[in-house]
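Observations on the three-dimensional arrangement
If you want the building blocks of each chain, they are given just below.
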Amino acid sequence: MISFVVSRLLQAIPILILVSLIAFGIIYLIPGDAAVVIGGPSATPEELEQIRRNLGLDQPLHVQIATFYINLFKGDLGRSLTLGIPVMDALIARSPITIGIAIYSLVLTIVIGLSTGMLAALNHNRWIDQAATLFALLGVSLPNFWLSLVMIVLFSVMLGWLPTGGYIPFTQDPIGWLRTTTLPAAALALLQAGLLTRITRSTLLEVLNQDYIRTARAKGLSEWIVVGRHALANVMMPVVTMVGLVLSVLLSGSIVIESIFGIPGIGSLLGSAISNRDYPMIQGGLLFVTTALLLLNIVIDLLYTALDPRVRVKGR
Amino acid sequence: MSISKRLVFGTGLAAAMLASFGATAQDQFTCPNQGGDLIVGLEGAPGTLDQQTATSSAVRNIAMNVFEALIIRDENMAPTPDLADEITTSDDGLSYTFKLRQGVTFHNGKPMTSADVLASFERYKTVGVSRSIMTSVKSWEAPDASTFVITLNEAQPAFLENLSSSTAPVVIMPAEEAGKAAGQVEIIGTGPFKLAEFVPDSHVKLERFAEYVPGNALPGLSGFAGHKQACVDTVTFRMLTETAARMAALETGEVHIVESVPAISMERLAAVEGVELLTLDAFGLNIGYPNWSAPPTDNLQVRQAMLAALNMEEIMEAATDGVFQLNPSLQFPGTTYFSTAGGELYNQNNVERAKALLAEGGYNNEPVVLLTTQQITTMYNTALVMQAQLQAAGINAQLQVYDWPTALATSEKETTGWNFFFTHWTGSAAQGGATTLRNLAAPANIYKPQDPAGDPAYNAAFQQVQNGATVEERAAAFAEAQKVTFENVLAIPFGVMSNVQGIRSNVEGFKPFYNTRVSNVWLQP
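Residues numbered from 1 in each chain as written. Chains lettered and ligands numbered in written order. Predicted model: local features only at pLDDT ≥ 70, side-chain atom pairs only at ≥ 80, totals over all residues.

Attention now moves to the overall build of chain B. Counting secondary structure elements, chain B contains 16 helices and 22 strands. Radius of gyration (C-alpha) of chain B: 23 Å, near the 24 Å computed for a compact globule of 525 residues. Across its three principal axes, chain B shows a C-alpha extent of roughly 70 × 60 × 45 Å. Expressed as a percentage of its 525 residues, the buried residues of chain B come to 53%. Relative to all contacts within chain B whose residues are 6 or more apart in sequence, the contacts with residues 24 or more apart total 72%. (Helix = DSSP H or I, 4+ residues; strand = E, 2+ residues; numbered from the N terminus. Rg over C-alpha atoms; globule rule 2.2 N^0.38 Å. Buried ≥ 20, exposed ≤ 12 C-beta atoms within 10 Å, placed from the backbone. Contact = placed C-beta atoms within 7 Å.)

Written as structure tokens, this is what we have:
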């Protein structure tokens with residue numbers, strides 16, 4: 001197990017190096033002079049030079065790269081040009097908000113996706129199967145931006161069940177948190193639930209055709225036990241694999257969803273940073289999110305290993 | 001130096017203003033109802049509330065209810081004392097003496113003195129958005145706790161106009177804060193509301209400042225000046241950047257005020273019970289400017305051909321869904337500097353003339369790159385229609401579409417790769433005079449003249465707008481500058497955009513303005 005973790009961590013290093021180089025290069029990749037964008041039209045040449053000094057842009061390239069990585073290893077992602085606070089502090093402060101919605105969304109994804117996929121497989125070629133397939137198709141086709149707005153119109157304006165946006169921290173009011181995060185979580189979840197429905201359906205159909213399932217039925221076991229005990233465990237493998245992908249999509253999708261619903265999470269932080277050309281925040285945010293996703297996927301792989309004895313044996 | 005030219009309430013100016021309110025000086029506004037949380041849905045999400053260093057409307061919408069300035073613009077965009085009770089100009093026009101409003105305290109309880117004013121000005125000179133207005137200042141001093149004096153290098157009759165600009169006001173903060181870098185200040189002002197909570201990308205909460213001392217010369221709110229009162233207990237500005245979500249929040253009553261209702265939503269919202277729509281007729285100027293450094297727009301005849309080809313009505317109809325006014329001017333109708341000089345070149349819609357000019361200029365089908373963004377619908381639609389009109393006149397017009405920050409940065413920094421840029425002048429057009437024209441003058445030169453000195457005729461007129469001894473002289477110079485703008489095509493104004501704001505029907509006292517004002521607004525129980 002330890003060697004597996006070490007091996008995965010070592011595999012993550014080249015990815016982190018590549019992402020950090022991209023993060024460093026952002027200032028050069030975006031059109032226009034960063035100092036002019038930050039300083040604005042009123043900035044004098046002296047002020048522009050000061051901005052370049054503050055950003056380290058006046059140094060030779062190799063010095064800039066070295067400084068960037070030295071600060072990175074110290075955990076210093078710089079200071080936000082817009083918020084005026086350390087980038088790391090801003091990201092850490094907002095992480096719980098985005099993670100909370102992502103977890104809520106993941107729960108919805110698994111519950112909806114698994115149940116719909118199982119219903120479809122168990123009612124293969126009947127109307128339930130077709131309805132579930134249609135749901136899956138809509139889920140992967142509809143843009144979550146559009147879906148969010150439709151849900152606001154339906155659940156907030158027409159029915160008045162949920163607020164149009166805003167965020168109430170869980171610690172302040174758990175019910176308020178639930179009310180303000182349900183629509184954004186659902187908007188994020190429906191896309192992934194559609195994918196999970198399809199994967200669950202096809203995997204379960206494959207599993208249900210296996211000999212050991214036929215044997216279990218022949219032994220007179222109830223369908224609940226056949227599916228629940230014997231089939232479901234094998235369906236979980238691809239589901240677990242999907243969780244990593246789902247979380248990646250949820251985190252990246254949060255940029256749009258958080259902006260629509262006015263949620264002060266990492267997504268809206270990065271969205272604002274891009275609009276405001278807050279380069280330290282863009283660089284730091286990119287590194288932060290990428291690192292988090294890499295670590296997350298390592299955890300997912302560990303979980304996969306724990307669930308599937310064949311992987312554990314192969315790994316020896 | 002003898003004292004003259006007092007800008008004081010109690011003169012004819014004030015009497016006229018009082019007459020416009022239909023009240024006597026004793027009829028100060030009082031809140032008919034107090035209490036409640038007023039909720040405003042904002043289009044933009046400010047990252048800071050440091051008003052001295054921020055240009056965005058999103059910041060002003062909030063911060064101008066917290067901060068005050070010595071002099072600001074009133075309802076008619078005339079310079080009006082606010083934190084100063086009296087402003088005196090010396091006969092030679094070199095010095096301005098500001099007598100401060102008495103009894104004012106900051107939100108942290110500290111009494112405001114001229115030392116705080118001086119420190120705030122020192123800060124603005126260093127980091128302020130429009131610090132270029134301070135280049136004419138020779139010195140300033142605080143001879144006593146209630147007096148602040150500015151001395152100029154040379155007389156500048158438009159100095160108070162520049163100083164009172166509400167797009168980048170010199171707001172007053174405690175001296176201890178004034179020493180801090182941009183974005184690092186505690187938000188402590190003198191206004192009727194104080195900052196209670198700021199969660200970026202979520203909301204800002206203001207609460208009534210109980211010790212607020214209002215100005216008493218005007219009976220009510222005028223622009224951001226006047227007799228301001230905090231009628232509600234708190235104001236929550238919610239950042240709802242997505243338009244549909246913001247309109248939905250107004251519809252459900254989750255917000256009381258939204259600052260901008262898109263044309264496409266107006267009919268629907270007008271029919272919703274409990275919602276009222278208010279219109280600010282002249283909110284912004286839809287405008288664009290060519291790049292004089294990049295061929296073929298470095299050619300005067302090509303630029304003139306572009307102007308000749310345009311049908312402004314078609315452009316504005318597409319840009320604003322019909323909510324517009326045609327306007328052959330760089331100012332809003334009815335304002336001090338409004339003129340139609342050069343207006344015969346506006347809305348020519350003359351394809352034949354355009355073709356003739358192109359032939360005269362030796363145009364050889366070079367691409368004319370129209371730089372725009374899809375993020376701002378009015379600009380994008382303007383560009384689309386303009387492209388079609390230019391192509392009909394034989395101009396090889398092509399669109400270059402970026403996100404707004406990239407498009408803006410490209411127009412500011414790059415002298416190649418684009419030929420025409422689309423933008424809006426809202427605050428700067430409303431301020432009038434030199435403020436409106438400044439971007440087209442050296443050193444800004446947004447139209448990128450090959451000679452950094454810029455168009456000499458325009459610059460000469462602009463200098464006169466800044467330095468003309470009387471308003472009439474400055475207005476005549478403005479007309480000249482505008483004429484040059486049209487003739488040489490430094491910029492092309494397409495028309496005036498209105499702004500429709502939405503409120504819930506239990507909101508009273510709210511008047512649409514260029515920025516959101518929450519003073520003198522109350523909620524019906």
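As a further point, take the overall build of chain A. When its secondary structure is counted, chain A shows 13 helices and zero strands. Scanning chain A from its N terminus toward the C terminus, one meets helices and strands in the order α-α-α-α-α-α-α-α-α-α-α-α-α. Across the 316 residues of chain A, 35% fall into the buried class.

Nonpolar side chains in soluble globular proteins tend to be buried together. One finds V40(B), A305(B), A309(B), I395(B), V465(B) and A481(B) to be the most contacted residues of the largest nonpolar core, which totals 211 residues. Element by element, the count of residues in this core is highest for helix α10 (residues 223-261) of chain A, at 15 residues. Each residue touching I395(B), except ones within four places of it in the same chain, is listed here: A305(B), M306(B), A309(B), L358(B), V368(B) and L390(B). (Core = buried A, V, L, I, M, F, W, Y, C linked by C-beta atoms within 7 Å.)

Attention shifts here to the domain arrangement of chain B. Reports often express the size of an interface as the amount of accessible area lost when the parts come together. Residues and elements named next belong to chain B. Assigned domains of chain B: these are domain 1 (3-244 + 505-523) and domain 2 (282-498). For domain 1 and domain 2, the distance between their C-alpha centres works out to 32 Å. Looking at the side of domain 1 that touches domain 2 residue by residue, the classes come out as four nonpolar, five polar and two charged. (Domains from an automatic or database assignment. Nonpolar A, V, L, I, M, F, W, Y, C, P; charged D, E, K, R; others polar.)

Moving on, we come to the packing of helix α7 (residues 144-158) of chain A against α10(A). Residue and element names in this part refer to chain A. Put simply, α7 and α10 touch, their axes get as near as 10 Å, and they point 25° apart. With respect to each other, α7 and α10 are oriented roughly parallel. As α7 runs across α10, the sense of the crossing is right-handed. Contact residues: α7 offers N144, F145 and S148, while α10 offers G253, V256, I257 and I260. (Axes fitted to C-alpha atoms, helices over the stretch in contact; angles between N-to-C directions. Parallel < 35°, antiparallel > 145°, perpendicular 65-115°, else oblique. Left-handed = near helix turned anticlockwise from the far one by under 90°.)

This paragraph deals with the interface of chain B and chain A. Taken together, the contact between chain B and chain A spans 33 residues of the former and 34 residues of the latter. Contributions of two or more residues to the side of chain B that touches chain A are made by β13 (234-239), α6 (243-252) and α12 (404-413) of chain B.

Taken domain by domain, chain A holds domain 1 (35-74) and domain 2 (87-315). Between the C-alpha centres of domain 1 of chain A and domain 2 of chain A there is a distance of 40 Å.

A few words now on the pairing of strand β5 (residues 84-90) of chain B. On a regular strand, each side chain points to the face opposite its neighbour's, so the side chains alternate between the two faces of the sheet. Residues and elements named next belong to chain B. Alignment of β5 against strand β6 (residues 95-100), held across five bridges, turns out to be antiparallel. Of the residues in β6, the one forming a bridge with A84 is L100. Two successive antiparallel strands, β5 and β6, enclose a turn made up of four residues, where G93 displays a positive phi of approximately 70°. (Pairing = 2+ DSSP bridges.)

Residues and elements named next belong to chain A. Remark: helix α5 (residues 87-122) packs on helix α11 (residues 266-275), axes separated minimally by 8 Å, with the N-to-C direction vectors making an angle of 130°. The angle between α5 and α11 falls in the class oblique. Here A90, L91, R94, S95 and T98 of α5 come into contact with α11, specifically with I266, G267 and L269.

Here helix α16 (residues 471-488) of chain B contains 18 residues, and its C-alpha end-to-end distance of 25 Å stays within 8% of the 26 Å for a straight helix at 1.5 Å per residue. If you check which residues of α16(B) are buried, you get R474(B), A475(B), A477(B), F478(B), A479(B), E480(B), A481(B), Q482(B), K483(B), V484(B), T485(B) and F486(B). (Expected span 1.5 Å × (residues − 1).)

Let's shift gears to the pairing of strand β10 (residues 203-208) of chain B. Residues and elements named next belong to chain B. Bridge count for strand β9 (residues 193-199) against β10 is six bridges, and the pairing is antiparallel. Looking across to β10, one finds that L195 is bridged to L206. Counted between consecutive antiparallel strands, the loop separating β9 from β10 contains three residues, among which D201 sits at a positive phi close to 70°. Here β10 pairs with β13 via five bridges, running antiparallel. Residue pairing across strands places E207 opposite T234, the latter belonging to β13.

Attention shifts here to unusual backbone geometry. All names here are of chain B. A cis geometry characterises the amide bond from P295 onward to P296, with omega recorded as 0°. Mapped onto the secondary structure, P296 falls in the loop between β15 (275-290) and α8 (300-309). If you check the backbone angles, N365 has positive phi at about 65° while not being a glycine. Along the chain, the position of N365 falls in the loop between α10 (351-360) and β17 (367-373). A tally of 10 C-beta atoms within 10 Å means that N365 is categorised as exposed.

For chain A, per-residue confidence averages 84 on the pLDDT scale, and 91% of positions sit at 70 or higher. No element of chain A has a lower mean pLDDT than helix α13 (residues 309-315) of chain A, at 56, and none a higher one than α7(A), at 93. (pLDDT = per-residue confidence, 0-100.)

This part takes up the environment of P290(B). All names here are of chain B. Tracing the sequence through the fold places P290 in strand β15. Owing to 25 C-beta atoms within 10 Å, P290 belongs among the buried residues under this scheme. Residues P290 and K448 lie 158 residues apart in sequence; the distance between their C-alpha atoms is 8.1 Å. For P290, the contacting residues outside a window of four places in its chain are T297, R303, N419, F420, Y447 and V489.

Right, let's talk about helix α15 (residues 456-467) of chain B for a bit. All names here are of chain B. Between its terminal C-alpha atoms α15 stretches 16 Å, which fits the 16 Å expected from twelve residues at 1.5 Å a residue. What α15 keeps buried is the set Y458, A461, F462, V465 and Q466. Buried residues of α15, seen end-on, are gathered within an arc of 145° and therefore sit on one face of the element. (Arc of directions from axis to C-beta.)

All names here are of chain B. Its location among the elements puts G44 in the loop between β2 (37-42) and α2 (57-63). Taking the number of C-beta atoms within 10 Å as the measure of exposure, G44 has 19 and is therefore partly exposed. Separated by 86 residues in the primary sequence, G44 and S130 place their C-alpha atoms 21 Å from one another. Once residues within four sequence positions are removed from consideration, G44 is found in contact with S56, S57, A58 and T241.

Among the secondary structure elements, P456(B) is positioned in helix α15. Each C-alpha atom, one on P456(B) and one on F422(B), is 24 Å from the other, the two residues being 34 residues apart in sequence.

So, on to the confidence of the model for chain B. In the predicted model, chain B carries a mean pLDDT of 91, and 95% of its residues have values of at least 70. Note on residues 8-23 of chain B: pLDDT is under 50 here. Beyond four places in sequence and across chains, it has 15 contacts.

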